[in-house]
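Listed below, chain by chain, are the residues.
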Amino acid sequence: MRRLDRRGRIDFVDATGPATCPIDRAELLTRFHAMESGQMLSGAAAFGAMWRAIPLLRPIGLLAQHRPVLGLLEWVYLRFLKVRPCLQRWLAGREVRA
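None of these values were measured; they are calculated from a predicted model. (Residues numbered from 1 in each chain as written. Predicted model: local features only at pLDDT ≥ 70, side-chain atom pairs only at ≥ 80, totals over all residues. Heavy atoms only, no water.)

A. Spotlight on the pattern of salt bridges. Going through the model one piece at a time under the given rule, you end up with two salt bridges. Its salt-bridge partner being R31, residue E74 comes within 2.8 Å of it at the nearest N-O pair. Of this pair, E74 sits in helix α4 (residues 67-97) while R31 sits in the loop between α1 (25-30) and β1 (33-36), placing them 43 residues apart in sequence. R52 is the partner of E36 in a salt bridge, and the nearest nitrogen-oxygen pair spans 2.7 Å. Of this pair, E36 sits in strand β1 while R52 sits in helix α2 (residues 44-53), and the two are 16 residues apart along the sequence. We classify R52 as buried; its relative accessible area is 9%. (Salt bridge = Lys/Arg side-chain N within 4 Å of Asp/Glu carboxyl O. Helix = DSSP H or I, 4+ residues; strand = E, 2+ residues; numbered from the N terminus. Buried < 20%, exposed > 50% of the residue type's maximum accessible area, 1.4 Å probe, protein only.)

See below:
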């Protein structure tokens with residue numbers, strides 16, 4: 001996403017490092033979060049906000065503002081969160097072998 005954000009509209013913050021944030025660190029690490037227009041978003045809504053900031057992905061981000069689309073994206077995101085630990089282990093194993 002950083003490469004797609006050529007205009008520098010997104011301020012990426014590493015939640016594992018020292019940061020001042022109103023959200024508990026454990027919660028920050030379990031779901032994706034984004035701030036848009038002063039509102040903290042999480043999950044699919046946060047991805048939608050990020051997509052709206054990137055011109056190439058803006059149409060998907062605009063679709064994500066519609067409740068049925070956002071509901072579907074959140075459903076997919078929740079399923080992804082269940083398999084994410086397995087994906088991370090698999091990717092870590094590939095890096096060790098490379």
